[in-house]
Amino acid sequence: QVQLVESGGGLVQAGGSLRLSCAASGRALNTYWMAWIRQAPGKEREFLGTIGWSGPAVGYPDSVLGRFTISRDNDRETAYLQMNSLKPEDTAVYYCAADVRFSKSFDEYEFWGQGTQVTVSS
């Protein structure tokens, strides 16, 4: 079993930055693809990208391309989502997810964290 815990969310002004962390336990992070997904209230979930044992991450949608960066620190068994130049439309619950298989579809990931809220004010 893999357990994932997100942290680092909060309230930030437009144009600011946040770094979300996803700490893994139960099995070595290196053996899993790690993905970030977000969901705003009343909207569909949006896949933000995935990363294997080594970068770079792939699958960034146009909505975050050039502003968000996914990375991982295998020694600390932690994945990260660095978010820069934040916009109000980035407001959402952000989840990390893990699976043994590569996929760009969020519904194919087996293990999920509890999510962390990110709110961007104007």
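Attention in this report is confined to the structure presented alongside it. (Residues numbered from 1 in each chain as written. Predicted model: local features only at pLDDT ≥ 70, side-chain atom pairs only at ≥ 80, totals over all residues. Heavy atoms only, no water.)

1. Things to note about the sheet that holds strand β3 (residues 18-25)
If you walk across this open sheet you meet the four strands as β1-β3-β7-β6, and the pairing is antiparallel. Looking at strand neighbours, the two that pair on one side only are β1 (3-7) and β6 (68-73), the edges of this open sheet. Adjacent strand axes in the sheet meet at a mean angle of 20 degrees when their direction is disregarded. Where β6 and strand β7 (residues 78-83) come together, six bridges link them in antiparallel fashion. By the bridge assignment, serine 71 is partnered in β7 with tyrosine 80. (Pairing = 2+ DSSP bridges. Helix = DSSP H or I, 4+ residues; strand = E, 2+ residues; numbered from the N terminus. Axes fitted to C-alpha atoms, helices over the stretch in contact; angles between N-to-C directions.)

2. A word on the pairing of strand β8 (residues 92-99)
Among the eight residues in β8, seven count as buried, and that is most of the element. Where strand β4 (residues 33-39) meets β8, seven bridges bridge the pair, whose relative direction is antiparallel. Directly across from alanine 35, in β8, lies its bridge partner alanine 97. Pairing geometry for β8 and strand β10 (residues 116-121), over three bridges, is antiparallel. Opposite valine 93, over in β10, you have glutamine 117 as the bridge partner. Two elements, β8 and strand β9 (residues 111-112), share two bridges in a ladder whose sense is antiparallel. Across the sheet, residue alanine 97 finds its bridge partner in β9, namely tryptophan 112. (Buried < 20%, exposed > 50% of the residue type's maximum accessible area, 1.4 Å probe, protein only.)

3. Quick notes on the packing of aromatic side chains
Enumeration according to the criterion identifies four aromatic pairs in this entry. Centre to centre, the rings of tyrosine 32 and phenylalanine 111 are 6.1 Å apart; their planes meet at 75 degrees, and the pair counts as edge-to-face. Here tyrosine 32 is found in the loop between β3 and β4, whereas its partner phenylalanine 111 is found in strand β9, with 79 residues between them in sequence. Each member of the pair tyrosine 32 and phenylalanine 111 is classed as buried. Relative to tryptophan 112, the ring of tyrosine 95 lies with its centre 5.9 Å away and its plane at 70 degrees, an arrangement referred to as edge-to-face. Of this pair, tyrosine 95 sits in strand β8 while tryptophan 112 sits in strand β9, and the two are 17 residues apart along the sequence. By relative accessible area, tryptophan 112 is classed as partly exposed at 27%. (Phe/Tyr/Trp six-rings, centres within 6.5 Å; stacked < 30°, edge-to-face > 60°.)

4. Structural notes on the state of the cysteines
Considering all chains together, one arrives at one disulfide under this definition. Here cysteine 22 is linked by a disulfide to cysteine 96, with a sulfur-sulfur distance of 2.1 Å. Between cysteine 22 and cysteine 96 the sulfur-sulfur dihedral comes to about 65 degrees; the bridge is accordingly right-handed. Taken together, the residues cysteine 22 in strand β3 and cysteine 96 in strand β8 connect sequence positions 74 residues apart. Overall, the relative accessible area of 0% leaves cysteine 22 in the buried class. Judged by its relative accessible area of 1%, cysteine 96 falls in the buried class. (Disulfide = S-S within 2.5 Å.)

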